[in-house]
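Residue strings, one per chain:
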Amino acid sequence: MTEALAAGDRVACTVGSTELGGTYITDRDGMRVVKLDSGYNIGVHPGRVRFAGRPRAAPGPGIEVEQDRSLPELAIISTGGTIASRIDYRTGAVTSQFTAADILRAIPDLARIARYRTRVIATILSENMTPSLWQELARAVQDEIRAGASGVIVTHGTDTMSFTAAALAFMISTPVPVVLVGSQRSADRPSSDNAMNGVCAASAAVSDLGEVVVVMHDTPSDDRCAIHRATRVRKLHTSRRDAFASVGLPPLGTVAYPDGGVELGPGAVRRGARPLELDDRLEPNCGLVQFYPGMDPGILDAFSGYAGVVVAGTGLGHVSTPCIDRLGALTGDGTTVVMTSQCLDGRICDRVYDTGRDLLAAGVLEGGTMLPEVGLVKLMCVLGRTRDPAEVARLMQTDLAGEMPGRTPHGL
Amino acid sequence: MDFEKVGLVAGIEIHQQLDTTTKLFCGCPTAVRPVEEHDGEFFRYLRATASELGEIDRAAEEEMKQVRRFRYLAYDTTCLVENDDEPPSPLNEEALEVTLQAAKAFGMTPIEQVHVMRKLVIDGSNTSGFQRTALVAVGGLLPNGGRIDSICLEEEAAQRVEDACFSLDRLGIPLVEITTSPCLRTPDEVRETAAHIGMVLRSTGRVKRGIGTIRQDLNVSIREGARVEIKGVQELDLIAEVVRREVARQMELLEIRAELLAREARVEDEPVDVSGIFAKTASSVLKRAPVVLALCLRGFSGLVGRELQPGRRLGSELSDYAKKCGVGGIFHTDELPAYGVTPAEVDVLRSALGAADRDCVVLVSGTRSKTECAVRQVARRARCALEGVPEETRRMLEGGSSAYMRPLPGAARMYPETDVLPVSITGERWAAVGTPELLTERARRFEREYGLDASVARQLADAERLPLFLKAVGAGVGPSLAARTVLATLKELSRDGVSLDRISDDDVAGVLVAVETGRAGKEAVPALLRAVAEGSRAEEAVAALGPAPGQEELDAIVERVIAERAGFIAERGMAALGPLMGVVMAEAGGAADGRAVSELLRRALKRALE
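All figures in this text were calculated on a predicted structure; none of them were measured in a lab. (Residues numbered from 1 in each chain as written. Chains lettered and ligands numbered in written order. Predicted model: local features only at pLDDT ≥ 70, side-chain atom pairs only at ≥ 80, totals over all residues. Heavy atoms only, no water.)

Asks: Sorry if this is basic, but what is going on with the overall build of chain A here?
Replies: Along its length, chain A carries 8 helices and 23 strands. Projected onto its principal axes, the C-alpha coordinates of chain A cover approximately 80 × 55 × 40 Å. Long-range pairs, those at least 24 residues apart, make up 68% of the contacts in chain A between residues at least 6 apart in sequence. Of the roughly 16400 Å² of accessible surface on chain A, 51% is carried by carbon and sulfur atoms. Across chain A, 40 positive and 46 negative side-chain charges occur, with their mean positions spaced 4 Å apart. (Helix = DSSP H or I, 4+ residues; strand = E, 2+ residues; numbered from the N terminus. Contact = heavy atoms within 4.5 Å. Areas by Shrake-Rupley, 256 points an atom, 1.4 Å probe, with all protein chains shown as cover. Lys, Arg positive; Asp, Glu negative; His and termini not counted. Charge placed at Lys NZ, Arg CZ, Asp CG, Glu CD.)

Asks: What is the right way to read the pairing of strand β21 (residues 308–313) of chain A from this model?
Replies: As a general feature of sheets, a regular strand has side chains that alternate between the two faces. All names here are of chain A. With respect to burial, β21 is a largely interior element, 6 of its 6 residues being buried. By the alternation rule, side chains of β21 split into G308, V310 and A312 and V309, V311 and G313, which are all buried. Note: strand β20 (residues 286–290) against β21, 5 bridges, orientation parallel. Bridge pairing in β21 links G287 to V309. As judged from the 6 bridges shared by β21 and strand β22 (residues 336–341), these two strands associate in the parallel manner. Each residue of the ladder has a partner; that of G313, found in β22, is S341. Taken together, β21, helix α5 (residues 321–332) and β22 form a β-α-β motif whose crossover is right-handed. (Buried < 20%, exposed > 50% of the residue type's maximum accessible area, 1.4 Å probe, protein only. Pairing = 2+ DSSP bridges. Right-handed = clockwise from strand over helix to strand, strands pointing away.)

Asks: Just checking my understanding: could you explain the domain arrangement of chain A for this structure?
Replies: Interface size is commonly expressed as the accessible area that is lost once the parts come together. Residues and elements named next belong to chain A. As assigned here, chain A comprises domain 1 (10–53), domain 2 (73–278) and domain 3 (286–396). Computed over C-alpha atoms only, the centres of domain 2 and domain 3 are separated by 31 Å. Between domain 2 and domain 3, the residue contacts involve 15 residues of the former and 13 residues of the latter. Of the roughly 1200 Å² buried where domain 2 meets domain 3, counting both sides, 71% is carbon and sulfur surface. Linking domain 2 with domain 3 are 1 salt bridge. One salt bridge in this structure joins E373 and R234, with 2.8 Å as the shortest N-O distance. Taken together, domain 2 and domain 3 are joined by 3 residue pairs in polar contact (both at pLDDT 80 or more). Those elements giving two or more residues to the side of domain 2 that touches domain 3 turn out to be α2 (131–146), α3 (161–171) and β15 (233–235). Here the side of domain 2 that touches domain 3 gets 6 residues from one element, more than from any other, and that element is α3. A breakdown of the residues in the side of domain 2 that touches domain 3 according to their chemical character gives 10 nonpolar, 3 polar and 2 charged. (Domains from an automatic or database assignment. Buried area = accessible area lost by both parts, 1.4 Å probe. Salt bridge = Lys/Arg side-chain N within 4 Å of Asp/Glu carboxyl O. Polar contact = N/O pair within 3.5 Å; in protein donor to acceptor, adjacent residues only side chain to side chain. Nonpolar A, V, L, I, M, F, W, Y, C, P; charged D, E, K, R; others polar.)

Asks: Quick question: what am I supposed to make of the state of the cysteines here?
Replies: Put plainly, a disulfide is one covalent bond tying together the sulfur atoms of two cysteines. Following the criterion strictly, the structure yields 1 disulfide over all chains and no others. Sulfur-sulfur distance for the disulfide between C325(B) and C373(B) comes to 2.0 Å. Around the S-S axis, the bridge from C325(B) to C373(B) shows a dihedral of about -65° and counts as left-handed. Here C373(B) lies in helix α9 (residues 368–387) and C325(B) lies in the loop between α7 (314–323) and β19 (331–332), a separation of 48 residues in the sequence. Neither C325(B) nor C373(B) differs from the other in exposure class; each is buried. C152(B) provides the cysteine sulfur closest to C13(A), a residue in no disulfide bond, and the two sulfurs are 14 Å apart. Between C225(A), a free cysteine, and C200(A), which holds the nearest cysteine sulfur, the sulfur-to-sulfur gap is 3.3 Å. Of the residues examined, C225(A) reaches a relative accessible area of 0% and is grouped as buried. (Disulfide = S-S within 2.5 Å.)

Asks: Explain the side chain of S203(A) to me, please; I cannot follow it from the model alone.
Replies: Residue and element names in this part refer to chain A. Mapped onto the elements, S203 comes out in helix α4 (residues 194–205). With a relative accessible area of 6%, S203 lands in the buried category. For S203, the side chain forms a polar contact with the main-chain oxygen of V199, separated by 2.9 Å. If near-sequence neighbours (up to four positions away) are discounted, S203 is found in contact with I113, V255, G260 and V262.

Asks: Help me understand the sheet that holds β20(A), please; the structure alone is not making it clear to me.
Replies: Strand-to-strand pairing in sheets goes through backbone hydrogen bonds, with the strands running parallel or antiparallel. Ordered in space as β20-β21-β22-β23 (chain A), the 4 strands form an open sheet in which the pairing is parallel. Bordering the open sheet on either side are β20 and β23 (365–366) of chain A, each of which pairs with just one other strand.

Asks: So what exactly am I meant to see when it comes to the packing of aromatic side chains here?
Replies: One pass over the structure, following the stated rule, counts 12 aromatic pairs over all chains. Judged by centre distance (5.4 Å) and plane angle (75°), the rings of Y257(A) and Y45(B) are edge-to-face. Highlighted residues: Y257(A) in the loop between β17 (253–256) and β18 (262–264) and Y45(B) in strand β2 (residues 40–45), drawn from two different chains. Of the residues examined, Y257(A) reaches a relative accessible area of 9% and is grouped as buried. According to the relative accessible area criterion, Y45(B) is buried, its value standing at 15%. With a centroid separation of 3.8 Å and 15° between ring planes, the pair formed by Y321(B) and Y404(B) is classed as stacked. Within this pair, whereas Y321(B) is found in helix α7, its partner Y404(B) is found in strand β22 (residues 402–406), the two being separated by 83 residues in sequence. When its relative accessible area of 4% is taken as the criterion, Y404(B) is described as buried. Cluster of aromatic residues (ring-pair linked, three or more members): F42(B), F70(B), Y72(B) and F166(B). Here R69(B) stacks its cationic end above the ring of F43(B), 3.6 Å away from the centre of that ring. Lying across the ring of W430(B), K104(B) places its NZ or CZ 5.2 Å from the centre. (Phe/Tyr/Trp six-rings, centres within 6.5 Å; stacked < 30°, edge-to-face > 60°. Lys NZ or Arg CZ within 6 Å of the ring centre and 35° of its normal.)

Have a look at this one:
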């Protein structure tokens, strides 16, 4: 006979001949998980756990957030992700369930940089992000800037942060900094990078910057963050704090920690250089596919009926001869096909080898130096604005938001 | 001292490193490295975080009074997991197995589903800001009838190199933590219990040896005192002394309390800024400080300077609390005038605070924010003196006294390590866990099986190179020769600077077999092992000794030596045997059988003296 227990109930459990008191947490794999008075959790067979009382719910922590009225005002828009995660008391899992206001309680240092107003548009892990949320986010950013925010911070899970950053960069022309930030190591741990990234993001958001950027750790130490252009940034490591890197160009600048000093390079767009404009039209019916040796060309048929497809090809921008025919069939049906490279760094050139020339003949567009996922986001935006093939081709090969600089720097 | 009368209650926590192939949560070896070999470094800040219940642990909060920047040294034997830059791997099964063996040896009951927890530790010794730990079994027994509460498997912390710099080689080495109930009543009982637990752990044969690989934390209280945890006692022989000194400290604190209550002592709420008084002082510490704050402890005069245990006064306790805010320490009027502070300055100070002779004034200097924090800490600790003994975590100082570290941690410092899945200890798994033969049982068996005497058998059973003994005996070497080699010869060689790492068990066994089969004398063993350490194989070293001299050759050497040293023999009589033995062996070469030579020489000497 096992009893129905609620999380937080006092229980007594028996392990061998030892009686232990604790708090019931949850059930897991057929065991009752009990937090002992020593603080340890253990899993105990349900038959050996007895209800011992239901304490009255304690009020949650009610720390007031103080704001300094003399400081500039920033908007924090929360989408979820590790920067705003906490332990789920019931399941013991790290989940994203903080509101943006909770971030201020979690990172009190933010209060010396600016005042904040906060807004939650989603509480999701970033792998669950969608193009329609990008649109909603872009509108929210525009609203906040119109309402007078000196800068906007978007908290975001790191996995797809670069997609969202690119989407905002294509949809919004901004006179103020729009900073995406997240953390690689969970916010519940004392070593989390959330505080430093948050402080650096706020410092960047009140700086002289005037474009959409990603601000994250620059090194394994807590010494500075790098400011990355939204359309040139990529997550290049699964877990390190300094996972994000600018590809094909140096970061736009750095933010020193803990003092928050912002250094901007010559390439960074400055505050006020651009007017506030929003074009949130978007064609979500687009795909991204990575080519590999021996790839079944039939896979490409799945994109039949799509408005557009970005291919991450090999080297200068290639796929196998059998795949070229299928891509030709797609373009023939009106699907825009854009070639990018798995190399990530460097420029597409489909005029060097036969397969490349064949791709061009099949109607595939060269994606320049665009990162594959940036190419996808851009294609969605472009196809949202026009379906005229010549105009689509022109826009896809024009630098709209720093995604394909005309020159490839030698990097020496 | 009558410990029963003072109501001594003690418990012990033993932390023992395990000698596993890899660390607890990553594939790195459990190798401890010289600091000079580090090949990378980085630095981090740590901050206290709210637990799942929304509380900040009081011990963690104490460490947070200072924002600290920690520097970490990395090695080619550490990885991103130690850097807290990669999620942990699953719990090391080898380490769990050793923990279960120890649990079984103590008669404990395993936890059915083991959950790894994060224990907040933000003193910098863990890059993550927490130590991963799991409760594995509960309810064991001690030989004296006391109980073992729990055995936990946890990760070792990083080694502090200096101040805020830590070495990552040690971080993540598996560690078992065994906690007794508060069932110990005398200092000697605490020591014996620690020795017993250490013995059982070593019986598994899978624990690390050497300084720092086992550490004891002691929980001590007396009647009307409070539970105090003293961390980091590394030497077994100091345990009883640490307990005695803690009992003494708590008794002194209780006497101080009685005296304070009799004096109706109290602690002022507000400090007074006395920076002006010390603007031109000869005390360099006070002179260069931006701010000097003074707090009056009414009725405390003479008690702040009172000794609690060797080298420690109530003033030391106040100072420890103040240092948590980053100040260097405190001054108090029980020890002033001194340190460049003049009697006139003390008078001005006392009058500024309205302090009478019965009052004690404490001075704190530093920046505004640090001194304000430090004064609050001093006031907090001084108020504790009115209550008696505060519950604290303390660290052992050289000699056995202790200093304040932080408040005792609460349950709020633990929350689940969600990156590691729980591990089930099924009935079948538990049944399959073998119990190790205890070293005490093994010693008795060695006495019986090998005819060794009790103390040799005991040392051998606990010897790190026991496998060598077993191998040699297995190869036909006599137990006493094998035991002497393991317990004496190798130690002497090591003391003489011979690198034992370069002598394998096979080499030693090879040398001993050569002795046993008459190809080398026992006396040659050290020389042969030296040759092995310098790179020879055992067989080569034995061959290099040359053939053992024949009986005739030996007789001739003995005759000649006796003839050449007739005067010495006449003078010393039979006592000349020892010195002459060395001379004969040197001439006969290392392959000669020492016992045969000794017998030969004894007889010849006897003849010569007749």
